[in-house]
Amino acid sequence: MAWKCGAMAGPLGPSLVRPATEEFTKEAITALRAGKVIAVPTDTLYGFACDACSLGAVNRIYEIKGRQYTSPLAICVGDVHDIGKFAVTDHLPHRLLDNLLPGPVTVVLRRGDSSILEKSLNPGLNSIGVRVPDSNFIRLIARGSGSALALTSANLSGKPSSVDIKDFENLWEHCAYVYDGGVLPSGRAGSTVVDLTSMGKYKILRPGSAAVETIEVLQRHSLIEDKVAS
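Residues numbered from 1 in each chain as written. Predicted model: local features only at pLDDT ≥ 70, side-chain atom pairs only at ≥ 80, totals over all residues. Heavy atoms only, no water.

A closer look at the UniProt feature "domain: YrdC-like" (unreviewed entry) in the protein
UniProt feature "domain: YrdC-like" (unreviewed entry): in the numbering of this structure it lies at residues 22–210. Here residues 22–210 runs as 19% helix and 23% strand, with 27 Å between its end C-alpha atoms. (UniProt positions renumbered as here; feature names shortened; annotations may be inferred. Helix = DSSP H or I, 4+ residues; strand = E, 2+ residues; numbered from the N terminus.)

The following block contains the structure:
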């Protein structure tokens with residue numbers, strides 16, 4: 001299975017479109033804790049985010065996107081040191097994650113028995129994709145939420161990704177708030193998705209926007225490419 005990386009709101013008026021600035025982070029956190037979905041900029045694309053431990057909010061994201069429930073969602077955390085709360089990291093070379101993140105990379109790791117992540121997120125899957133975007137706004141929200149955020153691109157499933165809030169204007173009504181960070185420069189390329197579940201190996205699952213840089217870091221830490229077919 002490849003990794004891609006709320007309550008229903010009323011019609012979204014201009015007053016509910018906010019700039020993605022620090023002064024609005026408390027408002028965003030309150031919405032997330034209430035089980036709602038918000039739209040936020042990341043370092044690659046605009047995404048829908050909700051509390052990863054709220055089954056109702058997670059289901060709402062699937063409904064908004066028209067996405068198959070068998071397609072897993074990634075999570076976003078505020079800092080690299082938070083990853084170990086949700087996934088197994090002790091098999092990774094020292095400082096590998098610090099050299100990959102924050103940045104436009106989704107690392108896929110085993111959830112493990114010690115993960116505090118709700119079993120209702122991606123049920124039956126023993127791995128989880130984790131992001132620490134190089135984007136101050138979403139990281140502040142993730143830190144303040146006291147949880148992980150479920151995160152996926154802000155678009156209908158199968159449609160082009162969004163680099164401007166106008167790209168998904170038809171979906172605004174389903175969000176508590178839409179946070180505007182301007183036009184993002186990614187060229188609609190999402191994060192690079194890399195499987196790090198096996199000790200000493202890596203597998204690029206999606207090249208995304210930073211494949212070359214990611215592979216350089218992985219090889220610098222003596223990881224070898226896992227070429228075994230999935």
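Back to the text.
Description of the sheet that holds strand 6 (residues 127–131)
Ordered in space as 1-8-2-3-7-4-6-5-9-10-11, the 11 strands form an open sheet in which the pairing is mixed. Because the sheet does not close on itself, it has two edges, and the strands there are strand 1 (17–19) and strand 11 (224–225). In the sheet, strand 2 (residues 38–41) pairs with strand 3 (residues 46–51) via four bridges, with the strands oriented antiparallel. Following the sheet pairing, Val 40 is matched in strand 3 by Gly 47. (Pairing = 2+ DSSP bridges.)

Quick notes on the environment of Trp 172
When you line up the elements, Trp 172 lands in the loop between strand 7 (149–153) and strand 8 (177–180). Expressed as a C-alpha distance, the spacing of Trp 172 and Ile 38, which sit 134 residues apart in the sequence, is 9.0 Å.

Let's talk about helix 4 (residues 136–145)
Those residues of helix 4 lying buried are Phe 137, Ile 138, Arg 139, Ile 141, Ala 142 and Ser 145. For helix 4, the elements touching its buried residues are helix 1 (25–33), strand 2, strand 4 (74–76), strand 7 and strand 8. A positive backbone phi angle near 70° is found at Gly 146, which sits one or two residues after helix 4. (Buried < 20%, exposed > 50% of the residue type's maximum accessible area, 1.4 Å probe, protein only. Contact = heavy atoms within 4.5 Å.)

Focus: the environment of Val 105
Checked against the element boundaries, Val 105 lands in strand 5 (residues 105–110). For the pair Val 105 and Gln 219, spaced 114 residues apart in sequence, the C-alpha to C-alpha distance is 15 Å. When neighbours within four sequence positions are excluded, Val 105 is seen to be in contact with Leu 100, Val 130, Arg 131, Ser 191, Thr 192, Val 194 and Thr 214.

A short note on the side chain of Ser 147
Note that Ser 147 resides in the loop between helix 4 and strand 7. Within polar-contact distance, the side chain of Ser 147 engages the side chain of Asp 51 at 3.0 Å. Beyond its immediate stretch of four places on either side in the chain, Ser 147 contacts Asp 51, Ala 52, Cys 53, Phe 86 and Ala 142. (Polar contact = N/O pair within 3.5 Å; in protein donor to acceptor, adjacent residues only side chain to side chain.)

Things to note about the packing of aromatic side chains
Within the structure shown, the criterion is met by five aromatic pairs. With a centroid separation of 5.9 Å and an interplanar angle of 85°, the aromatic rings of Phe 48 and Phe 168 are classed as edge-to-face. Placement of the pair is Phe 48 in strand 3 and Phe 168 in the loop between strand 7 and strand 8, with a sequence separation of 120 residues. Taking relative accessible area as the criterion, Phe 168 reaches 1% and is therefore assigned buried. Here the aromatic cluster, defined as three or more aromatic residues joined through ring pairs, consists of Tyr 46, Phe 48 and Phe 168. (Phe/Tyr/Trp six-rings, centres within 6.5 Å; stacked < 30°, edge-to-face > 60°.)

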